[in-house]
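Letter by letter, the chains look like this.
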Amino acid sequence: MKKSVFLGTIAGAALSAGLASATTLEDVRARGTLNCGVSTGVNGFSAPDANGVWQGFDVAVCRAVAAAVLGDPMAVNFVSTTGQTRFTALASGEIDLLARNTTWTFSRDVDLGFTFVGVNYYDGQGFMVPRELGVSSATELDGATVCIQTGTTTELNLADFFRTNNMSYEPVPIETNAEAQQQYLAGACDVYTTDASGLAATRASFESPGDHVILPEIISKEPLGPLVRQGDDQWADIARWTLNALIAAEELGITSANLEQMAAGTNNPEINRLLGTEGNLGEMLGLDAEWAQRAIAAGGNYGEIFAANIGEQTPIGLARGLNAQWTQGGLIYSPPFR
C-alpha cells in the first residue's frame, strides 16, 4: 500500500510538471542553466572537488548536455540527491536530467514514468569486506551485517542472493555513500554492498585501500544511465543523442585534440553529419548544427571521459571491460548518425 501511494505521488508530480511548462528545452534556455541531479558524492562519478566544482563520469554527461543546449558546459546547477529523493526531484521538475549511477529497470521506466536515454556504464552489484575477515567469497557471508543504501535496486538483489544461497543477514540501512563509508569503517557492518563501480570508488577514498577486498561475485545486472521525465520526447532525444555523440565520437576517432580539425570536414560522411558539416541533424533536435561539437569539447569523447575520471590510471582504477566499445568486445554502442 505504501509503495502504491509513493508511486502515485511521483506519477502525479510528473503530470503536474508536464502541464506546468511548455517544453524542458524552453525552460532550460529561459533559465540559462541545466538543473542536473547527481549523487551526494561518489568519487570518480559525481563529487565536488576541493574548490567545490563538481567533477566525475556522470557529471560529464550533465556538462555535455549543457554545452549542446546552452553553449556552456559550466551552465549546470548540480542538485545532490539520495536513493530516496532522486526520483521525486526528477518527477517534480526540480531537475531536468538525472545523471546519478541509476539502474535502468522495468518499473522505473514504466511505472514511475521516466525515460532512460541510454547506458553510460554497465555494472553489477558486488560486496566489499575488510581483508582481516578472511572472507574470499560472498557465499561465506552467512549471518553478516550488511550496509545497504535504501531506495535502491541493491535491497532486493541482496535479499534474493541471500535467500537463493540459504543464508541470513542483518541489514544496516544507510542513506548516502558517505554514511555507508562511515558506518563500514566504524565496524557497524561487516559488508558494504552496492554497484561494483561504487565499491571501487569508495575503497579508493580509504586511507588504506589495500585493507579492503571487493569479493569476486557480481550478483546482478546494473545498467546505469541518465534519465528524464516521460512526456517530452524532444528533451529525451537531446539527452539521448548527446550521450550517443560522446560514444560515437570515440568509435569514429574524434577526440578533444583533433575535434577542430575534424569539424573542418572529412571524407567520412558520418563524422560530417555528427559534427554538423553535412545534413541537418541539429535542426531535427531543435538545436544548431554544432551542438555535438560542443558536447564533445566539454570533456572529450566517451573514452576520454572514462579514462580521466574512473579509468585504470585513476585512483578508482576501473578497466573498460563491458564498457569498452563494441569494436573492442564491449557493450558500448551508438546507433548511427544518419
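Residues numbered from 1 in each chain as written. Predicted model: local features only at pLDDT ≥ 70, side-chain atom pairs only at ≥ 80, totals over all residues. Heavy atoms only, no water.

> Hey, could you run me through the nonpolar core in this one?
Side chains that are nonpolar tend, in soluble globular proteins, to be buried together. Grouped together as the largest cluster of nonpolar side chains are 60 residues, with contacts concentrated most on Leu 34, Trp 235, Ile 254, Leu 274 and Leu 275. In terms of residue count, the dominant contributor to this core is helix α9 (residues 233-252) (eleven residues). In this view, Ile 254 contacts Ala 249, Leu 259, Met 262, Ile 271, Leu 274, Leu 275, Ile 296 and Asn 301; residues no more than four positions away in its chain are not counted. Counting 15 residues, the second-largest nonpolar core is a separate cluster that includes Phe 127, Val 129, Leu 141 and Val 191. (Core = buried A, V, L, I, M, F, W, Y, C linked by side-chain atoms within 4.5 Å. Buried < 20%, exposed > 50% of the residue type's maximum accessible area, 1.4 Å probe, protein only. Helix = DSSP H or I, 4+ residues; strand = E, 2+ residues; numbered from the N terminus. Contact = heavy atoms within 4.5 Å.)

> Got a minute to help me understand the sheet that holds strand β9 (residues 144-149) in this structure?
Either a parallel or an antiparallel arrangement is found when strands of a sheet pair, and the pairing is made through backbone hydrogen bonds. Reading across the sheet, the five strands line up as β10-β9-β11-β8-β12 and stay open at both edges, with mixed pairing between neighbours. Single-partner strands in this sheet number two, and they are β10 (169-174) and β12 (212-214). Averaged over all pairs of adjacent strands, the angle between strand axes in this sheet comes to 30°, irrespective of strand direction. Bridge analysis of strand β8 (residues 125-130) against β12 gives three bridges, and the strand direction is antiparallel. Note that in β12 the partner of Pro 130 across the bridge is His 212. Those strands touched by helix α6 (residues 154-164) are β8, β9, β10 and β11 (191-195), and its axis lies near 155° from that of β9. (Pairing = 2+ DSSP bridges. Axes fitted to C-alpha atoms, helices over the stretch in contact; angles between N-to-C directions.)

> When you look at helix α8 (residues 196-204) in this model, what are you seeing that I'm missing?
Every α-helix winds through 3.6 residues per turn, so residues three or four apart in the chain are directed the same way. Taken across its nine residues, α8 has seven buried, putting it largely inside the fold. Those residues of α8 not exposed but buried are Ala 196, Ser 197, Gly 198, Leu 199, Ala 200, Ala 201 and Thr 202. Against the buried residues of α8 lie β7 (121-123), β8, α7 (177-185), β11, β12 and β13 (222-224).

> Please explain the state of the cysteines as it appears in this structure.
The term disulfide refers to a covalent linkage connecting the sulfur atoms of a pair of cysteines. Following the criterion strictly, the structure yields two disulfides and no others. Two residues, Cys 147 and Cys 189, share a disulfide whose sulfurs are 2.1 Å apart. Every disulfide takes its handedness from the sign of the S-S torsion; for Cys 147 and Cys 189 that torsion is -100°, giving left-handed. Note that Cys 147 is positioned in strand β9 and Cys 189 in the loop between α7 and β11, a separation of 42 residues in sequence. Once the bonded cysteines of the chain are numbered in order along the sequence, the disulfide links fall as 1-2, 3-4. (Disulfide = S-S within 2.5 Å.)

> What exactly am I supposed to notice about the side chain of Thr 153 here?
Topologically, Thr 153 is positioned in the loop between β9 and α6. Once you skip the residues sitting within four places of it in the chain, Thr 153 turns out to touch Thr 103, Thr 105, Arg 108, Gln 125 and Glu 222.

> Can you help me understand the pattern of salt bridges in this one?
What the rule picks out here adds up to four salt bridges. For Asp 237, the salt bridge goes to Arg 240, with nearest N and O atoms at 2.9 Å. Within this pair, Asp 237 and its partner Arg 240 are both found in helix α9, separated by three residues, close to a single helical turn. A relative accessible area of 29% means that Asp 237 is categorised as partly exposed. Residue class for Arg 240 comes out partly exposed when judged on its relative accessible area of 22%. Between Arg 320 and Glu 250 there is a salt bridge, with the nearest N and O atoms lying 3.0 Å from each other. On the criterion of sequence distance, the pair formed by Arg 320 in the segment after α14 (302-309) and Glu 250 in helix α9 is long-range, its members being 70 residues apart. (Salt bridge = Lys/Arg side-chain N within 4 Å of Asp/Glu carboxyl O.)

> Explanation requested: the environment of Ile 271 in the structure shown.
Structurally, Ile 271 can be placed in helix α11 (residues 269-275). A C-alpha to C-alpha distance of 8.9 Å links Ile 271 and Ala 248, two positions 23 residues apart in sequence. Here Ile 271 is in contact with Leu 252, Ile 254, Met 262 and Thr 266, once residues within four sequence places are set aside.

> Even after reading the chapter, I still don't get the pairing of β9, so can you show me in this structure?
The side chains of a regular strand alternate, residue by residue, between the two faces of the sheet. With respect to burial, β9 is a largely interior element, six of its six residues being buried. On β9, burial covers both faces: Ala 144, Val 146 and Ile 148 on one face and Thr 145, Cys 147 and Gln 149 on the other are all buried. Here six bridges tie β9 to β10, and the two strands are oriented parallel to one another. Among the inter-strand pairings, Ile 148 is bridged to a residue of β10, identified as Pro 173. Read as a crossover between parallel neighbours, the route from β9 over α6 to β10 is right-handed. By the bridge criterion, two bridges tie β9 to β11 in an arrangement that is parallel. From the neighbouring strand, Val 146 faces β11, where its bridge partner is Val 191. (Right-handed = clockwise from strand over helix to strand, strands pointing away.)

Such coordinate-based values are descriptive only and should not be taken to indicate function.
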